[in-house]
Number of protein chains: 2
Amino acid sequence: MTTRLAIIGGDAGGMSAASIARRRDEDLEIVAFERGEHTSYSACGIPYYVAGLVEDAGRLIARSPQQHRDRGIDVRTCCEVLGIDLDARMLTVRADDRESSEPFDQLVIATGAEPVLPNVPGAEAIEPARTVDAGERLRAALDRGGRCAVVVGAGYIGLEMAEALVSQGLNVTMIEAAPQVMGTLDADMAAHVQEAAEGTGIRVVLNEGVEEIVTDASGAPTEVRTASGTYPADHVVIGTGARPAVKLAADAGLALGDSGALAVDDHQRCPGHDGVFAAGDCVESHHRVLDKAVNIQLGTHANKQGRIAGTNATGGDARFPGVIGTAVSKICRYEVARTGIGEREAQRAGIEVVCATIEDRTRAGYYPGAGPIWVKLLAEPGTGRLLGGQIVGVEGAAKRIDVLATAIWTGLAVDELALLDLSYAPPFSGVYDPLLIAARATAKLA
Amino acid sequence: MTTRLAIIGGDAGGMSAASIARRRDEDLEIVAFERGEHTSYSACGIPYYVAGLVEDAGRLIARSPQQHRDRGIDVRTCCEVLGIDLDARMLTVRADDRESSEPFDQLVIATGAEPVLPNVPGAEAIEPARTVDAGERLRAALDRGGRCAVVVGAGYIGLEMAEALVSQGLNVTMIEAAPQVMGTLDADMAAHVQEAAEGTGIRVVLNEGVEEIVTDASGAPTEVRTASGTYPADHVVIGTGARPAVKLAADAGLALGDSGALAVDDHQRCPGHDGVFAAGDCVESHHRVLDKAVNIQLGTHANKQGRIAGTNATGGDARFPGVIGTAVSKICRYEVARTGIGEREAQRAGIEVVCATIEDRTRAGYYPGAGPIWVKLLAEPGTGRLLGGQIVGVEGAAKRIDVLATAIWTGLAVDELALLDLSYAPPFSGVYDPLLIAARATAKLA
């Protein structure tokens with residue numbers, strides 16, 4: 001009898017699982033249920049589509065349902081899973097307003113995340129730009145006109161969207177309840193990002209919570225109101241984060257962790273349920289520096305975890321080694337990156353750290369195109385073990401974060417990092433790479 | 001009585017030693033002897049000066065003799081050290097055609113490297129463009145006219161110079177005796193570099209040894225002759241490598257290693273001679289992958305080693321942890337980098353390896369500016385430990401080499417590298433960074 005692998009969710013986590021399972025077992029029946037129209041799309045690319053850097057939204061789709069079907073994966077789009085019966089190994093699904101039952105032997109849950117909207121009047125009228133369709137509707141709305149836009153939330157998605165809207169000629173105000181932009185960075189590093197955003201013409205409003213999104217009779221936004229002011233808004237974009245989409249799994253009896261995401265072991269297994277796996281934005285991952293489970297919603301984790309779930313669902317033995325919080329974005333004239341823990345996270349977790357920040361240039365001073373780079377490192381006092389790094393700077397700055405990620409991952413100490421054999425040539429750095437200079441500065445304190 | 005630290009050589013190694021010694025001991029007398037006119041200059045910057053990317057040669061000088069003197073370092077320029085008497089702790093120096101004796105308590109030898117000229121008629125007429133002065137003379141010669149240039153040697157300096165000459169409107173032929181350009185890369189990766197050079201208009205001639213540089217009555221070159229052809233040459237640039245400048249130290253009785261460079265321990269001490277240190281292009285370094293001493297001439301090592309020599313010469317205890325052969329260059333439209341060992345080195349050293357090469361894009365496919373990147377990895381069979389990496393690609397490609405350097409340094413295996421938490425955003429890579437893809441491909445073979 002053929003075995004059947006069912007997958008809930010047709011984006012990065014789910015389709016990575018499906019693809020590797022297909023390659024590993026050609027007899028397996030694989031069915032993937034996706035609520036929307038598209039599969040395997042790059043939500044990360046939506047700001048660039050809105051900015052017009054990507055002309056055709058179709059280019060954000062890495063692999064269409066038909067392409068998956070051509071490889072022997074039975075993709076059911078516009079098909080929502082309503083319930084999971086783990087004992088009967090059966091899904092209840094709805095398509096074309098008809099419900100049916102779908103059996104499974106193995107299951108991969110990759111339901112992703114859902115936006116957290118501000119709990120204020122009018123917010124429900126704003127469609128989050130998290131899918132290709134929603135991105136297309138936003139761009140169509142922009143094409144219809146309007147002069148002012150408000151972006152609610154100044155995290156990396158809010159910043160990327162604000163930059164995209166400025167590039168479309170809009171007056172953009174970004175409203176953030178916290179005292180800084182880019183909450184994943186420490187405040188001192190975030191200040192450079194704010195400066196870049198303002199340099200591009202984005203008005204940054206901090207310490208103001210949105211109280212109402214005022215809409216006209218047609219439901220279109222007209223202004224955004226906070227306790228301190230009113231901001232005209234022909235368009236509103238919401239970037240106030242997302243939570244793991246776990247209701248379906250939790251209703252089925254699967255365990256959630258403290259982060260609110262699905263608890264999985266290092267094989268992406270849902271503990272206590274043989275043959276049930278989960279991957280992507282809906283799960284917890286082990287944070288190797290904090291040594292605790294966290295929910296970090298990133299395509300890079302979703303792809304890797306999906307691959308591991310699909311491997312293990314087909315008799316393999318693959319292990320997800322955890323995360324360390326690495327992330328990168330391009331925000332206006334700066335590249336911005338972080339890995340490990342920042343000062344705020346360290347404080348919250350009761351981890352004592354030393355830290356140093358240096359400013360340098362991305363190339364030899366005499367080489368054309370050199371610009372500023374700031375590097376902040378955190379290390380464990382005593383041992384000097386690197387615990388975190390943040391980088392802001394012009395082109396060429398941010399991918400250096402991967403060196404710090406590798407150093408954190410392997411337990412390297414900053415005094416050793418300071419003498420590591422990193423590459424040097426004038427188009428790429430001064431004779432001491434900024435990372436070496438930052439490591440030396442941090443080592444003096446550790 | 002004041003102690004006196006003497007330094008031979010006023011470039012990266014020597015002046016790094018002088019600078020840190022000055023900071024660590026304000027009473028120490030520090031005297032630095034430099035044969036030329038300049039101190040602390042960037043020889044790596046000369047191709048960019050020749051290309052006109054750097055207008056003023058003075059910008060290549062990080063710190064002038066006067067700037068060093070203002071910090072309390074007695075720099076003697078145009079002053080050549082002729083002999084070292086290690087027993088009497090005395091140097092014989094010549095300045096203004098007068099010889100004198102200079103005592104020392106501690107000594108740092110940083111005599112650098114000297115060009116290896118092809119042993120053919122006419123080669124002695126060509127001044128190697130290794131110093132700021134020589135760079136200025138070359139640029140002056142170019143300004144006087146000429147249509148054709150020949151670059152002898154297709155290593156990274158030859159390639160950088162060839163690109164500079166093309167940018168000045170010359171017809172450039174590069175002649176190399178070996179069957180490939182860029183001998184520090186494996187042939188398959190070097191082929192991409194050759195393609196970039198040819199794409200810029202450089203004529204690349206391989207497998208031809210130069211037999212004569214023909215000059216006119218004034219000593220100016222007119223053509224370059226090989227066994228197979230004759231190449232017109234109003235200008236000739238020689239980039240056939242350099243050897244450690246060790247005659248002075250060897251004559252004094254200091255030991256050379258198998259590489260032909262000065263043997264030093266991990267504190268930059270010359271064994272058997274208390275208070276005598278050496279640093280930079282003239283010394284051997286421990287190669288951590290090959291586990292043997294090598295001579296690698298790079299400013300980044302010279303600076304670090306000089307700093308360590310200067311620290312230890314002033315009572316400190318600093319250790320140079322060795323090198324792994326990391327290097328980067330920008331060659332025409334590609335960035336080019338390597339670290340660890342390549343296939344050729346592995347074969348020579350009798351090290352068994354597996355290797356894989358992947359081609360990918362530097363950014364998400366839909367993001368503007370994406371271009372090709374090739375990554376080749378070498379790993380130890382069985383353990384999968386990463387032993388080497390080579391990268392060629394468009395902007396943003398090469399600095400990734402530092403991730404591989406960190407992974408080699410810390411003994412990471414390719415299967416673990418394949419799941420490492422590296423950064424992802426569309427302007428910087430696809431959802432799997434090319435390094436992760438290459439690591440996965442290599443892990444399959446290891």
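Computed from a predicted model, the values in this text were never measured in an experiment.

A. Main features of the overall build of chain A. Looking only at helices and strands, chain A has twelve helices and 24 strands in total. Taking 22 Å as the expected radius of gyration for a compact globule of 446 residues, we find that chain A reaches 23 Å, a close match to that expectation. Seen through its principal axes, chain A has C-alpha atoms that stretch 70 × 55 × 40 Å. Each of the 446 residues in chain A was classed as buried or not, and the buried ones make up 59%. If you take every contact in chain A between residues at least 6 apart in sequence, the share linking residues at least 24 apart comes to 62%. On chain A, roughly 17200 Å² of surface is accessible, and the fraction owed to carbon and sulfur atoms is 45%. Each charge class in chain A was averaged separately, 41 positive and 60 negative side chains, and the resulting centres sit 3 Å apart.

B. Geometry of unusual backbone geometry. Residues and elements named next belong to chain B. Of note, the phi angle at glutamine 268 is positive, near 65°, even though the residue is not glycine. Mapping glutamine 268 onto the fold places it in the loop between α7 (247-251) and β17 (276-278). The exposure class assigned to glutamine 268 is buried, which follows from its relative accessible area of 1%. Unlike most non-glycine residues, cysteine 332 shows phi in positive territory, near 55°. Looking at where cysteine 332 falls in the secondary structure, it is placed in the loop between β20 (327-331) and β21 (334-340). Owing to a relative accessible area of 6%, cysteine 332 belongs among the buried residues under this scheme.

C. Inspection of the domain arrangement of chain A at higher detail. Residue and element names in this part refer to chain A. As assigned here, chain A comprises domain 1 (4-114 + 243-313), domain 2 (117-240) and domain 3 (335-443). Taking the mean C-alpha position of each, domain 1 and domain 2 sit 29 Å from one another. Tallying the contact residues gives 19 residues for domain 1 and 17 residues for domain 2. Taken together, both faces of the contact between domain 1 and domain 2 bury some 1500 Å²; the carbon and sulfur share is 57%. Note that arginine 139 and glutamate 55 form a salt bridge whose closest N and O atoms lie 2.8 Å from each other. At the surface where domain 1 touches domain 2, the tally comes to five residue pairs in polar contact (both at pLDDT 80 or more). Ranked by the residues each element gives to the side of domain 1 that touches domain 2, the list is headed by helix α2 (residues 46-50), at five residues. In terms of residue class, the side of domain 1 that touches domain 2 is made up of 14 nonpolar, three polar and two charged.

D. Focus on the side chain of B:Thr311. All names here are of chain B. Tracing the sequence through the fold places threonine 311 in helix α8 (residues 299-312). Given the relative accessible area of 11%, threonine 311 is considered buried. In this structure threonine 311 touches Ile20, Arg24, Gly316, Asp317 and Ala318, once residues within four positions along its chain are discounted.

E. Looking closely at the interface of chain B and chain A. With 63 residues of chain B at the contact, the number on the chain A side is 63 residues. Together, the buried faces of chain B and chain A total about 5500 Å²; carbon and sulfur atoms form 63% of this surface. Three residues stand out in chain B for area buried against chain A, namely B:Tyr366, B:Asp421 and B:Phe428, and they jointly supply 15% of the buried area on that side. At the surface where chain B touches chain A, the tally comes to six salt bridges.

F. Layout of the relation of the copies chain B and chain A. When chain B is fitted onto chain A, the two copies agree to an RMSD of 0.0 Å after a turn of 180° and an axial shift of 0.0 Å. Taken together, the turn and the small shift mark the pair as related by a two-fold rotation axis. Residue B:Val403, judged by its C-alpha, is the member of chain B lying nearest the rotation axis, at 2.3 Å. Mapped onto chain A, 100% of the interface residues of chain B are again interface residues, and the two copies thus contact each other with one and the same surface.

G. Spatial organisation of the packing of helix α1 (residues 12-24) of chain B against α8(B). Residues and elements named next belong to chain B. Where α1 meets α8, the axes come as close as 7 Å, and the angle between the chain directions of the two elements is 40°. Classified by the angle their axes make, α1 and α8 are oblique. Seen from above, α1 lies across α8 with right-handed handedness. On α8, the residues touching Ala12, Gly13, Ser16, Ala17, Ile20, Ala21, Arg23 and Arg24 of α1 are Ala302, Asn303, Gly306, Arg307, Gly310 and Thr311. The class makeup of the residues in the contact of α1 with α8 is five nonpolar, six polar and three charged.

H. Region of interest: the pairing of strand β6 (residues 98-103) of chain B. All names here are of chain B. Pairing of strand β5 (residues 90-95) with β6 involves six bridges; the strand directions are antiparallel. Pairing of threonine 92 across the sheet is with serine 101, part of β6. Between the antiparallel neighbours β5 and β6 lie two residues, among them aspartate 96 with a positive phi of about 50°.

I. View of the state of the cysteines. All chains considered together, the criterion is met by zero disulfides over all chains. Counting only cysteine sulfurs, A:Cys282 is the nearest neighbor of A:Cys270, a cysteine outside any disulfide, at a range of 8.2 Å.

J. Representation of the pairing of strand β13 (residues 221-226) of chain A in the model. Residue and element names in this part refer to chain A. In this structure, strand β12 (residues 210-215) lies alongside β13, joined through five bridges in antiparallel fashion. Paired with isoleucine 213 across the two strands is valine 224, which belongs to β13. With antiparallel pairing between neighbouring strands as the criterion, β12 and β13 make up a hairpin whose turn holds five residues, including glycine 219 at a positive phi of roughly 90°. With three bridges connecting them, β13 and strand β14 (residues 230-232) associate as antiparallel partners.

K. Local environment of the pattern of salt bridges. Applying the stated criterion across every chain yields a total of 48 salt bridges over all chains. Note that A:Arg363 and B:Glu395 form a salt bridge whose closest N and O atoms lie 3.3 Å from each other. One end of the pair, A:Arg363, is in the loop between β22 (354-361) and β23 (372-379); the other, B:Glu395, is in the loop between β24 (386-393) and α10 (401-409), on a second chain. Overall, the relative accessible area of 19% leaves A:Arg363 in the buried class. B:Glu395 gets classed as partly exposed once you look at its relative accessible area, which sits at 41%. When the shortest N-O distance is used, the salt bridge between B:Lys376 and B:Glu343 registers 2.6 Å. Of the two residues, B:Lys376 sits in strand β23 (residues 372-379) while B:Glu343 sits in helix α9 (residues 343-349), which places them 33 residues apart along the sequence. What makes B:Glu343 partly exposed here is its relative accessible area of 34%.

L. Helix α5 (residues 156-167) of chain B, seen in detail. All names here are of chain B. In this model α5 runs 16 Å from its N-terminal to its C-terminal C-alpha over twelve residues, within 8% of the 16 Å that 1.5 Å per residue would give. Looking at α5, one finds that the buried residues are Gly158, Leu159, Glu160, Met161, Ala162, Ala164, Leu165 and Val166. Two residues or fewer past α5, glycine 169 is found with a positive phi of approximately 85°.

M. Main features of the environment of B:Pro128. Residue and element names in this part refer to chain B. Tracing the backbone shows proline 128 in the loop between β8 (113-115) and α4 (132-143). For proline 128 and proline 115, which are 13 residues apart along the polypeptide, the C-alpha to C-alpha distance reads 6.9 Å. Discounting chain neighbours no more than four positions away, the residues touching proline 128 are Pro115, Leu117 and Ala134.

N. Spatial organisation of the sheet that holds β5(B). Residue and element names in this part refer to chain B. Pairing in this open sheet of three strands is antiparallel, and the strands run β4-β5-β6 from one edge to the other. Each of the sheet's edge strands pairs with one partner strand only, and the pair in question is β4 (79-85) and β6. Direction aside, the axes of adjacent strands within the sheet are offset by 25° on average.

Reading the values: the criteria
As a convention, each chain's residues are numbered from 1 in the sequence order in which they are written. Key to labels: chains lettered from A, ligands numbered from 1, both in the order written. With pLDDT at 70 or above as the cut-off, local features in this predicted model cover only qualifying residues; side-chain atom pairs require 80 or more to be listed or tallied, and sums for whole chains, interfaces and linings still use all residues. Hydrogen atoms and water are omitted, and side-chain values are computed over all heavy atoms in the structure. The secondary structure listing takes helices from DSSP runs of H or I that are at least 4 residues long and strands from runs of E that are at least 2 residues long, numbered from the N terminus. Our radius of gyration is a C-alpha quantity, and the globule rule it is checked against amounts to 2.2 Å times the number of residues to the power 0.38. For each residue, the accessible area found with a 1.4 Å probe, counting protein chains only, is set against the maximum for its type, and the residue is called buried under 20%, exposed over 50%, and partly exposed in between. The contact definition used throughout considers only heavy atoms, calling two residues in contact when any of these lie within 4.5 Å. Calculation of accessible area relied on Shrake-Rupley with a 1.4 Å probe; when residues are assessed, cover is drawn exclusively from the protein chains displayed. A residue counts as positive if it is Lys or Arg and as negative if it is Asp or Glu; His and the chain ends are not included. Note on charges: their place is set at NZ of Lys, CZ of Arg, CG of Asp or CD of Glu. Segmentation of the chain into domains, including their bounds, is taken from an automatic or database domain assignment. Accessible area that two parts lose when put together, with a 1.4 Å probe and added across both, is what the buried area reports. When a carboxyl oxygen of Asp or Glu lies within 4 Å of a side-chain nitrogen of Lys or Arg, that pair is called a salt bridge. Here a polar contact means two N or O atoms within 3.5 Å. Within protein one must be a hydrogen donor candidate and the other an acceptor candidate, and residues neighboring in sequence count only if both atoms are side-chain atoms. For this classification, Asp, Glu, Lys and Arg are treated as charged, while Ala, Val, Leu, Ile, Met, Phe, Trp, Tyr, Cys and Pro are nonpolar and the rest, including Gly, are polar. Copies overlap after least-squares fitting; the atoms used are the C-alpha atoms of residues with pLDDT of at least 70 in both. Whenever a helix is involved, its axis is fitted only over the stretch in contact; in every case the axis is a line through C-alpha atoms, and angles between N-to-C directions fall within 0 to 180 degrees. Small angles under 35 degrees read as roughly parallel and large ones over 145 as roughly antiparallel, with 65 to 115 read as roughly perpendicular and the rest as oblique. Handedness of a crossing is defined here by the sense of rotation of the near helix relative to the far one, left-handed for an anticlockwise turn of less than a right angle and right-handed for a clockwise turn. What makes two strands pair is DSSP finding at least two bridges between them. The criterion for a disulfide is a pair of cysteine sulfur atoms lying within 2.5 Å. Expected span of a helix: the number of residues minus one, times 1.5 Å.

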